[in-house]
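Listed here are the chains, written in short residue letters.
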Amino acid sequence: MGKRKMFSGHLGFILATAGSAVGLGNLWRFPTLATKYGGGSFVLLYIIFVATIGFSLVLTEAAIGRKFHCNVVDAYRKINRKFTFLGYIAVLVAFLILSYYCVIGGWILKFITVYFSGNELLAAGDGFFDGFISKATWPVLFQALFVLFNMFVVMLGVQNGVERLNKVLMPALIILSIIVSIFALSMDGALEGLKYYLVPDFSKLSFRAVLAALGQMFFSLSLGMGVTITYGSYVRKDIDLEKATKKIELFDTGIALLAGFMVIPAIFAVFSSSSESLENALQAGSTLVFITLPKVFIKMPFSGWIGGTFFLLIFFAALTSSIALMETVISTWKEKLHLKRKSCTILVGLIAFLAGIPASLGYGIWDSVSIFGMNILDFTDFCTNQLLMPLGAVMTCILVSYIWGTWHLTDEIKKSSAFHREKWYLILIKYITPVAVVITLISSILNTFGMIQL
Ligand code: PFF
């Protein structure tokens, strides 16, 4: 086997990991959750979770990766043979998310073509999005195109593909977000929305809000699926992991906050005439991005360009996330099956594409398929985000804290620099993080099966 490739330095690792973190979760989930659960108070809660539980888990994954310099499955095997299955779960989760992320990536590509071909009126029309996703072939073709983009970048390798792409797209994403935010904030009535987004309303801060903030933190920081272990395995020993973790979190949270500036004020400006339409407009998920926002853009000057730029931005965010997922799967399959990067990329790309097709058809010819009341994509999303990711994370905390020994990781972190928040890290990883994650896991399972009402 050839020498393992590495990121060129500090920036390469930070931008690639931030690229995996910044994605659809930031742009379409965070702003709507914040408005739903009490504005500024939710934002504050979220930031506390990121700075505590998130900090401990990102740092743990990065340190595991750098310690072993190998794929996720082997990393867990080296920690403890009996826990190799955690590596397999991580790769499975990454693969499943990749499969449906590419379906959504395909929808984004479709909207880019619509906007840049001057058809913004079409995109804003009633039924356009539903009409598109319910077709059998077009969404699948766009999904294939999105998979091909991923394959192209991953095939180029860690430095030439993954790192180089993130170094260009991440700064571009910030610039585009700022441009769209300025346009959104300049609309009449936008400031009302800003107030709603940021002024704390502690009466909405329920247990459900706490769970929503924790779940969002997991998804947004790409935790529990081996992505940061994989990227950590490409990091040189002289890089300060503690500092890098803080920067990654700052980046991810910054973009999530900025997404609120882009989306909420504009929605207020357009929909505030009736509280019912406002509530509908603030729904999280695909409705927000593909149905509500096109109706918002059409009211802006240069609507085609603004809309096109926004979808380009979402495309960048989604691509850097799905590349992280694909890289995680490939780095494992490549080493396990002794394949070359190129042939492994083709294999993973093809299988992920095929695995994603049912999720796409679940909006059209297979829309009668319902699993626990969810369509195929939502069910896959539920299994990965609500079950497997927290499960992987809590088992990792237990493994590291009580079986393997945290000193392995603190030693690894201290190889490059002083570990300023070591004591704090130990309290988090041993007690606070596993307890918080177990509570989330159990409540979301009970809630889904109707045993409690959140
Ligand atoms: N963090 C991404 C988002 O916020 O959209 C989603 C994601 C990407 C999760 C990559 C996991 C992952 F490995």
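Preceding block: the structure.
Cut-offs and rules
Residues numbered from 1 in each chain as written. Predicted model: local features only at pLDDT ≥ 70, side-chain atom pairs only at ≥ 80, totals over all residues. Heavy atoms only, no water. Near = heavy atom within 4 Å. Polar contact = N/O pair within 3.5 Å; in protein donor to acceptor, adjacent residues only side chain to side chain. Areas by Shrake-Rupley, 256 points an atom, 1.4 Å probe, with all protein chains shown as cover. Helix = DSSP H or I, 4+ residues; strand = E, 2+ residues; numbered from the N terminus. Nonpolar A, V, L, I, M, F, W, Y, C, P; charged D, E, K, R; others polar. Salt bridge = Lys/Arg side-chain N within 4 Å of Asp/Glu carboxyl O. Buried < 20%, exposed > 50% of the residue type's maximum accessible area, 1.4 Å probe, protein only. Core = buried A, V, L, I, M, F, W, Y, C linked by side-chain atoms within 4.5 Å. Contact = heavy atoms within 4.5 Å. Patch = residues over 30% accessible without salt bridge, like charges linked within 9 Å, V, L, I, M, F, W, Y side chains within 5 Å.

Colleague: Is there a simple way to think about the site of the ligand in this case?
Modeller: Around the ligand there are 14 residues in total, and Gly25, Tyr101, Phe219, Val227 and Leu325 lie nearest to it. Take Asn26: an N or O atom from its side chain is 3.3 Å from an oxygen atom of the ligand. Separating an oxygen atom of the ligand from a side-chain N or O atom of Tyr101 is a distance of 2.8 Å. A total of 330 Å² of accessible area belongs to the ligand in isolation, and the protein chains cover 100% of it. When residues in the shell around the ligand are grouped by element, the largest group, 3 residues, is from helix 2 (residues 24-36). For the shell around the ligand, the per-class residue count stands at 7 nonpolar, 7 polar and no charged.

Colleague: Sorry if this is basic, but what is going on with the pattern of salt bridges here?
Modeller: In a structure, side chains of opposite charge can pair up when their charged atoms sit close to one another. Inspection of every chain in the model, using the stated rule, returns 11 salt bridges. Between Lys336 and Asp74 there is a salt bridge; the shortest N-O distance is 2.7 Å. Of this pair, Lys336 sits in helix 16 (residues 303-337) while Asp74 sits in helix 4 (residues 72-79), placing them 262 residues apart in sequence. Take Lys336: its relative accessible area is 35%, and that puts it in the partly exposed class. For Glu327, the salt bridge goes to Arg341, with nearest N and O atoms at 3.0 Å. With Glu327 in helix 16 and Arg341 in helix 17 (residues 341-361), this pair connects stretches of sequence that are 14 residues apart. The two residues Glu327 and Arg341 agree in class, both being buried.

Colleague: Just checking my understanding: could you explain the nonpolar core for this structure?
Modeller: In globular proteins that are soluble, nonpolar side chains generally tend to be buried together. Ile108, Met217, Ile267 and Phe290 are the most contacted members of the largest nonpolar core, which has 161 residues in total. Element by element, the count of residues in this core is highest for helix 5 (residues 84-116), at 21 residues. Excluding anything up to four places from it in sequence, Ile108 contacts Leu24, Phe290, Phe311, Ile314, Phe315 and Ala318.

Colleague: Sorry if this is basic, but what is going on with a nonpolar patch on the surface here?
Modeller: A cluster of nonpolar side chains, contributed by Ile398, Tyr402, Ile403, Trp424, Ile427, Tyr431 and Ile432, occupies part of the molecular surface with about 660 Å² of accessible area. Mapped onto the nonpolar patch, the elements with two or more residues apiece are helix 18 (376-404) and helix 20 (422-448). Top element by residues in the nonpolar patch is helix 20. It accounts for 4 residues. As for its position among the elements, Ile398 is in helix 18. With a relative accessible area of 37%, Ile398 lands in the partly exposed category.

So yeah, pure geometry; function would need other evidence.
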